[in-house]
Amino acid sequence: MTAPLEINAAYKSFRTPEGDKITALNNVSLKLARSEFLTLLGPSGCGKTTLLRTISGFEALDDGAIHIYGQNVTHWPSHKRPVNTVFQRYALFAHMSVARNVGYALEIAGHDKAKRRTRVGEMLELVGLSGLENRRISQLSGGQQQRVALARALAAKPKLLLLDEPLSALDKNLRQKMQHELKTIQRELDIGFIFVTHDQEEALTMSDRVAVLAHGEVQQLGAPEDLYRQPANLFTADFLGESNLLPLHRAQGQAKLADGQPCPCDLTGDSATLMIRPEDLTRSPRGAQLLIFSGPIKARYYTGKDYQVELDHPVFGTLSALLRDDGQAPELGAEITLYADGTALHLIDEVQS
Ligand SMILES: Nc1ncnc2c1ncn2[C@@H]1O[C@H](COP(=O)(O)OP(=O)(O)OP(=O)(O)O)[C@@H](O)[C@H]1O
Ligand SMILES: [Mg+2]
């Protein structure tokens, strides 16, 4: 089966007005599986929008190739590519009705009125806006406008939908609701979605796979669980969720932490970084081969079901832990001892500079 999208060794750089060269995409390769929800996740300026723009044809690659369903579209103009985009600023026509916005691409393509009306009706039903055909965009809420943008992008039946931070303007509740709706719509339509966000939680909850980008390069590409449990490098470990990153070195043939504790882990080189997620630190010892960390509590936040605790460690500095609310509130300033089970440890083959 040919992949809906395949990008091979894509490069793109820009010249700034000051004459500097910015590498926006550096050797990016990825392959989308059929009906996959793939998320591009990374900080501002890492190249997410640029990557989408090269897929849709609004920007040409300097080098590399893009195939859509097996066809080499690298040099195709954007209107020929079977792709549509929901833009970062969703650029609706404010003075036009909802129906006209949604049917715009069909109008340009010369479809007759009856066909347009049917398709617009179907799309508005899909996004839950039936009955609002004649409203102007300015008479809609932010969430409704977002749905119009989605309906408009889907109206021309793209084989691939690109979504550039489509939910960033929405408040938290609406954002969550739209996240669920987007997933449902994607499943119903059975087409590939490439979704851009810089919100790691959104990336983890929505995606089949996530590509973590930094400085125009793919840092890691994988299922949310794999990225979270087994980050390939320090950037991914730090960017995806909270993590305690502790330097590890070899001394007398043994892996040791900076406070001298031996670490029950397979250190292959001379040094590495040990990652412990906050939820893997516990108040009572569990399991075997424990690591132990003690110090005063310097901050404590109650989240509703857990306590987020910051332990001030004499060697490692701040350690974050997520402790179950078992009726014993951790007290600010009190000494606490936390344990990490040997099975909860993950080694990263890189050292913090
Ligand atoms: N037309 C352009 N001319 C010059 N530089 C550009 C141009 N477009 C993008 N860039 C630069 O390329 C880099 C990547 O930009 P891009 O818009 O892809 O980032 P992004 O990951 O989408 O960021 P954000 O999360 O802020 O939207 C940035 O350094 C940006 O300043
Ligand atoms: Mg962007």
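Within each chain, residue numbers correspond to sequence positions counted from 1 in written order. Labels follow written order: the first chain is A, the first ligand is 1, and so on. In keeping with the model being predicted, local features are shown solely for residues with a pLDDT of at least 70 and side-chain atom pairs are shown and tallied solely at 80 or more, while totals for entire chains, interfaces and linings include all residues. Values reported for side chains reflect all heavy atoms of the structure, with hydrogen atoms and water molecules removed beforehand.

K.L.:
What is the right way to read the nonpolar core from this model?
P.N.:
Note on soluble globular proteins: their nonpolar side chains tend to be buried together. Val-102, Leu-124, Val-148, Leu-150, Leu-161, Leu-163 and Leu-182 are the most contacted members of the largest nonpolar core, which has 31 residues in total. Secondary structure follows DSSP: runs of H or I at least 4 residues long count as helices, runs of E at least 2 residues long count as strands, and numbering of each begins at the N terminus. Put simply, the parts of the chain that give this core at least two residues each are α2 (98-102), α4 (113-126), α5 (142-155), β7 (160-164), α6 (172-189) and β8 (192-197). The element that contributes the greatest number of residues to this core is α5, accounting for seven residues. Whether two residues are in contact is decided by their heavy atoms: any pair within 4.5 Å suffices. When residues no more than four places from it in sequence are discounted, the contact partners of Leu-182 are Leu-150, Leu-163, Leu-167, Phe-193, Phe-195 and Met-206. Here, nonpolar core refers to any group of buried Ala, Val, Leu, Ile, Met, Phe, Trp, Tyr and Cys residues whose side-chain atoms link them within 4.5 Å. Residue burial is assigned from relative accessible area. The probe radius is 1.4 Å, only protein chains are included, and a residue is buried under 20% of its type maximum, exposed over 50%, and partly exposed in between. The next biggest cluster of nonpolar side chains, apart from the first, holds 25 residues, and it includes Ile-276, Leu-291, Phe-293 and Tyr-307.

K.L.:
Quick question: what am I supposed to make of unusual backbone geometry here?
P.N.:
Residues apart from glycine generally show negative phi values, whereas peptide bonds are mostly found in trans. Backbone geometry at Tyr-69 places phi at a positive 45°, although glycine is not the residue there. Residue Tyr-69 is classed as partly exposed on the basis of its relative accessible area of 30%.

K.L.:
It is not clear to me how the state of the cysteines should be interpreted in this structure. Could you clarify?
P.N.:
Structurally, a disulfide amounts to a covalent bond that connects the sulfur atoms of two cysteines. In plain terms, two cysteine sulfur atoms within 2.5 Å form what is called a disulfide here. Taken as a whole and judged by the stated rule, the model has one disulfide. Here Cys-263 is linked by a disulfide to Cys-265, with a sulfur-sulfur distance of 2.4 Å. One quick way to see it: the torsion about the S-S bond of Cys-263 and Cys-265 is about 135°, and its sign makes the bridge right-handed. On the basis of relative accessibility, which here comes to 8%, the residue Cys-263 falls in the buried class. In this structure Cys-265 comes out as buried when scored by relative accessible area, which is 18%.

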